[in-house]
Amino acid sequence: MFWKISLFIILAFVSIAGIAFPIVPVPHTWYEFPLIPGLKENAKIIFFHVPTAWLSSIAFLMSTLYSIKYLRKKNLDDDAKSYAAAQLGIIFCILATITGAVWAKFAWGSYWSWDPRQTSIFALLLIYGAWFALRSSIESEEKRATLSAVYSIIAFLTVPFFVFIMPRIMIGLHPGAESIEGGKVVQTASPVVNFKMNGNMLAIFFLSLIGFTILYFWMWTIGYKSILIKEKINKQSIQE
Amino acid sequence: MNTKAYALYKKDLYSELRTRYAINALVMFIIVAISVILFSIGNEKISQNLTSGLFWVVIFFSAMSGLARAFVSEEERGTSLTLHLIAAPSTIFSGKLLFNLILVFCMNIIIAILYAALFDSFVINNFALFVVSFILGNIGIAASSTIIAAIISKAGAKGTLYPVLSFPILLPLILTVVQLTLLSNQGANFGDAKFELAIVFCYDVIMLTGSYLLFDFVWKD
Amino acid sequence: MSNFSIKAVDLSKYFGRRLIFKNLNFEFENCGIMGISGANGSGKSTLVKIIAGIISPSSGKIIHSNGESEIIYEKLHNYIGFVSPYLVLYEEFSAWENLEYFAEIRDVKFNREKIEYLLNKLLLFDRKGDMVKTYSSGMKQRLKFIFALMHSPMFVILDEPTSNLDSAGKDAVFQIIEEESKSSIVIIASNEESDLKLCSKEIKLEDFKNSK
C-alpha cells in the first residue's frame, strides 16, 4: 500500500511540475526551467513523451524475453506475461506516436516527417499490430504461444538495423539527434542540436521516468494475473 | 544432409511444374503490377529516387504473392505430416529455403529485365554494385519470407496475414536496398556503398541463422 | 534379431490446459505387436504422434533406442514407419513417383524388390503409374502401408490401420503386420477387435485419465 501511495505522489508531482513550472531565460529558483532555444514551452513534452516511448521499448523487450522463456520451458504462464507486456506496449506505443506527432506539428511544422525515430516507432507499431493479428488468427493456445514467440524473436532481430540504418538514410530532426555520415558521427541540421537540461529539469525527467516505469510494472502484473484468472474461469466453465 | 535438401527441392520443383500452384499467378502478378505503375506514371518523367523505390515495391509484393507457397501448399493439402515423417526439420527448412531462393531469383531477374526495358529513368551506371546488392537483397527476402511462410502456414487467414507479418521484418532490408539501387543508378563506387552493403550482408546472415534455429519450434507441433 | 526398444517415461500431454493423459509409462523391446485402445477422442492419435516424434509431450519423454544408444531426434524419422487415415500423400504424383521421392528425401536406398513385393501384395501393382488423386480411399490407405514400410523401419506405428479397407485389404494388411512383427516393433492404435486381437500387450488410455 505504501508504494502505491508514493507512486501516486510521484506521478502527481511530475504532472504538476511538468505542466505548471514556468520556463524562464535564466532560472533562479528550483521550480524554474531554463529556456532551450528553438523549443521554448514545447520542451515540457519530454516529461510525458519520452517515458511512453521508453516504456513501449521496455514492453517489447519484456515480451520478447518471455517469448524466449516460453520456447525454453513451454509454460503457458510465460505466454500470458508476454501477451500482457505487449498489450501495454502497444498502448504506450500509440501514446508515444500521438504525443510525438502533436509536438512535431508545433516544433517542426508537420505531424509526420519520417524522422529516424518516427520511422522506428512506426515500425514498432507495425510489429505490434502484426503480432496481435497473428495471435488472433490462431485457435490452439499452444500453437498461438509458440508461433507468436517465434515471430517476436524474429522481429526483435531487426531492431539493431533500425538503430543503425535510420540515421544514415534519413535526416534526424529530434532534439539531440545525431546522424552518421560515412562512419563519422556529426550533428545534423535539426533546429535543436544543443539540447541541455539543467539539474532540476533532469531530476523531474528521471522522476517521471521512474514513476512511469513503476506504473508500467504494476499494470503489467495486474494484466497477466487477470489473463491467468480468466483462463482458469474458462476452464472451470468448460468442465461443469 | 545437402543431398536430402536438394531432393526435397526437386520434389517441390516438379510438383510446382505439374500443379502450377504459384508460377502462373506470380507471372501475371508481375505483369499487372508493372503495368499499373506504367499507367499511373503516364508520360511523366519520374525521378531516379522514385524508380528505385518502385522497383523494390514490385519485388516486395510479388514475393508476398508467391513465396508463401512453399509451406502453405503442404499445409493446405495436409501433406506436412508426411514431410514430418520423411525428413528432419533442418532438411525441410533447407529444402524450402532453396526453393524460395531459386523462385526469388527467377522472379526478380524477370522484374529487373522488364523494369530496365520499360522505365527510361531506370539506368544502372554501376552494374557490379547493382548485381551485388541485388543478390544480397534477394537472399534476405528469401530468408525472411521462408520463416514467415512457415509461421503463417500454421495460422488462419494465411493470404492476408503474410504481407502484414513480413513487412516490418523486411522493412530495414528494403530501405537499405532501395538506397543501394539508387547509388548504383547514380554510378557510385563500392567505397560509397560499403556501409549499406555491410548492413544488407549482416541482415542476411542474422536472418538465415535466426530462422534456421527457430524453425524447429514452428515445425514441431 | 533386432535390439531396438521403445520406452515412455512419465508421459503427459495437455492441449492448452486440458489433460489428455498423464503419467504414462511403458516399455517394449525387440519385436512384437503392442496395442493402444481407448474411446474416440481419448487421445490415441495424440499418443501415436508423440511416439512417432511428430508432436512433443507436455512432460516426460519417449526414448527410442538401438541397443544401448538412444536414437536422436534428427535421425528418428528414418526408423519410423507411420500409417494413419489423416496421412496424405502427394496427389499430383503417381504412386511410384511418390515412393521414389520419399526414398530420395530420406536418403535411403530405393528398395525395388521390397516395394514391388508390397505393391503386389496390396493389389496396387497395375496402378502404380497412376496419379494418387485418381485412387479410391481404400487404395490410398494401402499405398500408405508401402510408404510406411519401404525403408524397413524398426518402429511401425499404425493408427487405425484397417480404416477404409475391404476384407481382402484387411487380410493382406494383417499378413503384412504379422511379417513385420517378426523383425520390428509394431504399435497399433485402434478400436477394432480384429486389430487388437493381434497384440501381445495392450495399453488402455482410460487408465491414465484421472487428473488427481
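Novice: Explain the overall build of chain A residue by residue, including any values.
Specialist: For chain A, the count of helices and strands is seven helices and four strands. Helices (α) and strands (β) of chain A occur, in sequence order from the N terminus, as α-β-β-α-α-α-α-α-β-β-α. Taking all 240 residues of chain A together, 46% fall into the buried category. In chain A, the proportion of contacts linking residues at least 24 apart, taken out of those at least 6 apart, comes to 68%. Within the structure as shown, chain A displays about 12200 Å² of accessible surface, and the carbon and sulfur contribution to it stands at 69%.

Novice: Give a detailed account of the overall build of chain B, specifying residues and quantitative values.
Specialist: Secondary structure summary: chain B contains nine helices and zero strands in total. The C-alpha atoms of chain B give a radius of gyration of 18 Å, which matches the 17 Å a tight globule of 221 residues would have. The buried share among the 221 residues of chain B stands at 57%. Counting contacts in chain B only where the partners sit at least 6 residues apart, residues at least 24 apart contribute 85% of the total. When the accessible surface of chain B is totalled, it reaches about 8300 Å², and 70% of it is carbon and sulfur. Chain B carries 13 positive and 12 negative side-chain charges, and their two centres are separated by 10 Å.

Novice: Which residues make up the confidence of the model for chain A, and what values do they have?
Specialist: Residues and elements named next belong to chain A. Looking at chain A as a whole, its pLDDT mean stands at 83, while 84% of the residues score no less than 70. Across chain A, the secondary-structure element scoring lowest on mean pLDDT is strand 4 (residues 184–187), at 45, and the one scoring highest is helix 5 (residues 141–157), at 93. For residues 179–194, every residue scores under 50 in pLDDT, and the model assigns this stretch 33 contacts once sequence neighbours within four places are set aside.

Novice: Please give an account of the nonpolar core that cites residues and values.
Specialist: Core analysis: the biggest nonpolar cluster contains 191 residues, and A:Tyr216 and B:Phe55 have the highest contact counts within it. Of the residues forming this core, the biggest block, 13 residues, is contributed by helix 7 (residues 127–153) of chain B. Setting aside chain neighbours within four positions, we find B:Phe55 in contact with B:Ile111, B:Ala112, B:Tyr115, B:Phe122, B:Phe130, B:Phe134 and B:Thr181. Core analysis: the second largest hydrophobic core is formed by 11 residues, A:Ala43, A:Ile46, A:Phe47 and A:Met201 among them.

Novice: Tell me about the pairing of strand 8 (residues 185–189) of chain C, and please be specific about residues and values.
Specialist: All names here are of chain C. In terms of residue burial, strand 8 counts as a mostly covered element, since five of its five residues are buried. What you see with strand 8 is no split at all: Ile 185, Ile 187 and Ala 189 on one side and Val 186 and Ile 188 on the other are buried throughout. Judged from the five bridges that link them, strand 3 (residues 32–37) and strand 8 form a sheet pairing that is parallel. Bridging across to strand 8, Gly 32 finds its partner in Ile 185. With five bridges joining them, strand 7 (residues 155–159) and strand 8 adopt parallel strand pairing. Its bridge partner lying in strand 8, Asp 159 is registered against Ala 189. Once you follow strand 7 into helix 6 (residues 167–181) and on to strand 8, the crossover reads as right-handed.

Novice: Tell me about a nonpolar patch on the surface, and please be specific about residues and values.
Specialist: Residue and element names in this part refer to chain A. There is a patch of nonpolar side chains on the surface, built from Phe 2, Trp 3, Leu 202, Phe 206, Ile 210 and Ile 214 and spanning about 610 Å² of accessible area. Within the element layout of this structure, Ile 214 appears in helix 7 (residues 199–239). With a relative accessible area of 34%, Ile 214 lands in the partly exposed category.

Novice: Report on the interface of chain C and chain A, specifying residues and quantitative values.
Specialist: Residue-level contacts link five residues of chain C with seven residues of chain A. Summing both partners gives a buried area of about 490 Å² for chain C against chain A, and 38% of it is carried by carbon and sulfur. Inspection of the chain C/chain A interface yields zero salt bridges. Linking chain C with chain A are zero residue pairs in polar contact (both at pLDDT 80 or more). Of the residues assigned to the side of chain C that touches chain A, the class counts are two nonpolar, two polar and one charged.

Novice: Which residues make up the interface of chain C and chain B, and what are the values?
Specialist: Every contact between the two is made by 28 residues of chain C and, on the other side, 26 residues of chain B. Of all residues in chain C, C:Ile54, C:Tyr90 and C:Ile105 bury the most surface against chain B, accounting for 27% of the area lost on that side. Among the salt bridges present, the one from C:Glu92 reaches B:Arg77, with a minimum N-O distance of 2.6 Å. Between the two partners, chain C and chain B, sit 12 residue pairs in polar contact (both at pLDDT 80 or more). Only helix 2 (73–76), strand 6 (80–83) and helix 3 (95–106) of chain C provide two or more residues apiece to the side of chain C that touches chain B. No other element matches the six residues that helix 3 of chain C contributes to the side of chain C that touches chain B.

Novice: Summarise the environment of B:Ile109; cite the residues concerned and give the values.
Specialist: Residue and element names in this part refer to chain B. Tracing the sequence through the fold places Ile 109 in helix 6 (residues 89–118). Among the residues examined, Ile 109 registers a relative accessible area of 40% and is labelled partly exposed. Sequence spacing of Ile 109 and Asp 120 is 11 residues, and the spatial spacing of their C-alpha atoms is 18 Å.

Novice: Would you mind going over the sheet that holds strand 9 (residues 201–204) of chain C in detail, with residue names and values included?
Specialist: The strands making up a sheet associate through backbone hydrogen bonding, with each pair oriented either parallel or antiparallel. All names here are of chain C. The strand order across the open sheet formed by five strands is 6-7-8-3-9, and the pairing between neighbours is parallel. Single-partner strands in this sheet number two, and they are strand 6 and strand 9. Direction aside, neighbouring strands of the sheet carry axes that sit 15° apart on average. Packing of helix 6 onto the sheet brings it into contact with strand 3, strand 7 and strand 8, and relative to strand 8 it is tilted by some 140°.

Novice: Residues and numbers for the side chain of A:Thr64, please.
Specialist: All names here are of chain A. Topologically, Thr 64 is positioned in helix 2 (residues 46–73). Here Thr 64 falls in the buried class, since its relative accessible area comes to 3%. Every residue in contact with Thr 64, bar those within four places of it in the chain, is listed here: Ser 152, Ile 153 and Phe 156.

Novice: How would you summarise helix 8 (residues 158–186) of chain B if you had to cite specific residues and measurements?
Specialist: All names here are of chain B. The terminal C-alpha atoms of helix 8, which comprises 29 residues, lie 39 Å apart, in line with the 42 Å expected from a rise of 1.5 Å per residue. Roughly 55° is the biggest bend found in helix 8, and it falls at Leu 170, with proline Pro 172 one to four residues downstream. A positive phi of about 80° marks Gly 187, the residue just after helix 8.

Cut-offs and rules
- Residues numbered from 1 in each chain as written.
- Chains lettered and ligands numbered in written order.
- Predicted model: local features only at pLDDT ≥ 70, side-chain atom pairs only at ≥ 80, totals over all residues.
- Heavy atoms only, no water.
- Helix = DSSP H or I, 4+ residues; strand = E, 2+ residues; numbered from the N terminus.
- Buried < 20%, exposed > 50% of the residue type's maximum accessible area, 1.4 Å probe, protein only.
- Contact = heavy atoms within 4.5 Å.
- Areas by Shrake-Rupley, 256 points an atom, 1.4 Å probe, with all protein chains shown as cover.
- Rg over C-alpha atoms; globule rule 2.2 N^0.38 Å.
- Lys, Arg positive; Asp, Glu negative; His and termini not counted.
- Charge placed at Lys NZ, Arg CZ, Asp CG, Glu CD.
- pLDDT = per-residue confidence, 0-100.
- Core = buried A, V, L, I, M, F, W, Y, C linked by side-chain atoms within 4.5 Å.
- Pairing = 2+ DSSP bridges.
- Right-handed = clockwise from strand over helix to strand, strands pointing away.
- Patch = residues over 30% accessible without salt bridge, like charges linked within 9 Å, V, L, I, M, F, W, Y side chains within 5 Å.
- Salt bridge = Lys/Arg side-chain N within 4 Å of Asp/Glu carboxyl O.
- Buried area = accessible area lost by both parts, 1.4 Å probe.
- Polar contact = N/O pair within 3.5 Å; in protein donor to acceptor, adjacent residues only side chain to side chain.
- Nonpolar A, V, L, I, M, F, W, Y, C, P; charged D, E, K, R; others polar.
- Axes fitted to C-alpha atoms, helices over the stretch in contact; angles between N-to-C directions.
- Expected span 1.5 Å × (residues − 1).
- Bend = angle between axes of the 7 residues up to and from the residue.

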